[in-house]
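Okay, here's what each chain looks like letter by letter:
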Amino acid sequence: MKDVKQLIDICSDIGDLNNFYLIYTNKLKELDEAIVRFCKVHMNAQNRGDILQILDQWKPTQQEKKSPIMKIGRLLCSVPRHPDFAVGLDVPLKVLKTQLLKEKKQQLLPTAPGGCGKTASVTMLGHDKEIIGKFKDKFFFVPVSKILNLMVIVQRLFHHICGQEPEFQSDEDAIYQLQELLTKIGSSPILLISDDVWSGSEFHLEKFKFDMPKYNILVTSRTIFPEFSFTYNLKSLNDEDATTLLHHSASLQDGNSRIPVEIIEKIVRSYGRFPLALEVSGKSLKEKPVEVWRSRASLMVILFSYEHGNDAVDNLHELTSWNRATLVRTRKESKDASENNNYYTCYNEDFVTQHDPLRELAIHESSRGPIRQRK
């Protein structure tokens with residue numbers, strides 16, 4: 001960057017007709033290409049290396065592995081604590097609760113994109129008095145995430161129910177022993193919640209569907225699994241609830257907000273009224289001046305204004321240059337695009353993959369230590 005500044009200063013001092021002007025312009029282009037290459041390749045590799053190094057440092061020691069606290073924190077299947085603040089989840093909570101209170105076996109699937117409140121909804125369900133009254137101490141909550149390790153889940157359930165940690169010979173052995181255990185603990189209703197199950201885990205989920213009366217399964221996922229008896233699609237918040245959540249997350253006092261209404265509306269729309277995105281955004285804008293809010297609103301409108309035709313591809317390339325996404329080309333530009341006088345027609349078969357390394361890091365971190373001591 002220092003080299004770039006020096007070259008710009010030189011170019012500013014010489015006339016554009018000077019022969020040296022062309023030389024320095026070419027040098028600027030070369031430096032620009034080098035910077036882009038560094039950001040796209042070397043910085044990505046360095047970030048990945050840093051994450052791997054952090055994960056390696058976080059490996060538990062032999063003493064930690066033997067610690068009963070570490071084991072309890074890793075194996076408990078209790079319902080997480082009630083969300084500190086929740087809005088717009090009354091309808092999904094009521095629908096799921098109505099289904100679970102029916103006197104029959106249930107296989108429920110609340111589904112929605114990430115950040116729509118699936119986990120918050122089922123967590124609130126676990127604190128509902130009527131649900132607690134029905135399932136009592138036979139309400140088990142298992143966070144799954146990307147990799148559904150069947151034997152680990154069964155081991156957690158065993159530890160939660162009877163304090164034992166048996167070793168299993170195979171997945172089939174684990175499932176058989178789990179069914180035997182659930183049969184022995186009584187005939188009262190049972191509810192097993194598997195939270196955040198990713199696509200590709202359908203085969204493992206099927207193994208948990210035991211032929212037992214009053215045995216209920218509830219799975220949250222971004223993917224729709226057709227074999228479930230009841231599927232509920234969570235929707236994003238309405239404008240009023242989304243605005244309320246943003247106000248709360250940013251600690252804006254009702255009626256006395258110094259932030260103009262139009263800026264708040266832009267941010268709410270730009271984030272698609274998704275609860276998690278609004279909560280994170282609100283916290284990052286807490287106690288920030290109005291200029292920061294205005295800048296954030298303008299940036300989000302630019303990045304997510306995909307309805308504006310040609311701007312969409314430009315925005316995707318911008319995100320790609322920031323290492324926030326990868327634009328995957330499935331075919332080259334065709335003559336059809338130029339004939340139609342629309343360069344962007346050639347992108348209609350392409351797709352985008354979003355980089356999400358921090359999610360992997362968060363999943364790893366969230367599995368360490370006792371639940372109430374996790375950061």
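Everything numeric in this text was worked out from a predicted model, so none of it was measured.

Chemist: Just checking my understanding: could you explain unusual backbone geometry for this structure?
Modeler: Note on backbone geometry: most residues besides glycine have negative phi, and most peptide bonds are trans. One non-glycine residue, Arg273, lies in positive phi territory at about 60°. By secondary structure assignment, the location of Arg273 is in the loop between α12 (261-270) and α13 (275-284). Positive phi, close to 65°, is recorded for Glu287, a residue that is not glycine. If you trace the backbone, Glu287 turns up in the loop between α13 and α14 (290-303).

Chemist: Is there a simple way to think about the packing of aromatic side chains in this case?
Modeler: Two aromatic rings, taken as a pair, are described by how far apart their centres are and by the angle between their planes. Inspection of every chain in the model, using the stated rule, returns 4 aromatic pairs. Taking the ring centre of Phe228 as reference, the NZ or CZ of Lys209 above it sits at 4.3 Å. A cation over an aromatic ring shows up here: Arg222 above the ring of Trp198, its NZ or CZ 5.9 Å from the ring centre.

Chemist: Could you clarify how one ought to interpret α13 in this entry?
Modeler: Each full turn of the α-helix corresponds to 3.6 residues, which orients residues three or four apart in the same direction. Residues of α13 that are buried: Pro275, Leu278, Ser281 and Gly282. Mapping the buried residues of α13 onto a view down its axis gives an arc of 135°, with all of them on the same face. More than 90 degrees from the buried face of α13, the exposed residues found are Val280 and Lys283.

Parameters and conventions
- Residues numbered from 1 in each chain as written.
- Predicted model: local features only at pLDDT ≥ 70, side-chain atom pairs only at ≥ 80, totals over all residues.
- Heavy atoms only, no water.
- Helix = DSSP H or I, 4+ residues; strand = E, 2+ residues; numbered from the N terminus.
- Phe/Tyr/Trp six-rings, centres within 6.5 Å; stacked < 30°, edge-to-face > 60°.
- Lys NZ or Arg CZ within 6 Å of the ring centre and 35° of its normal.
- Buried < 20%, exposed > 50% of the residue type's maximum accessible area, 1.4 Å probe, protein only.
- Arc of directions from axis to C-beta.

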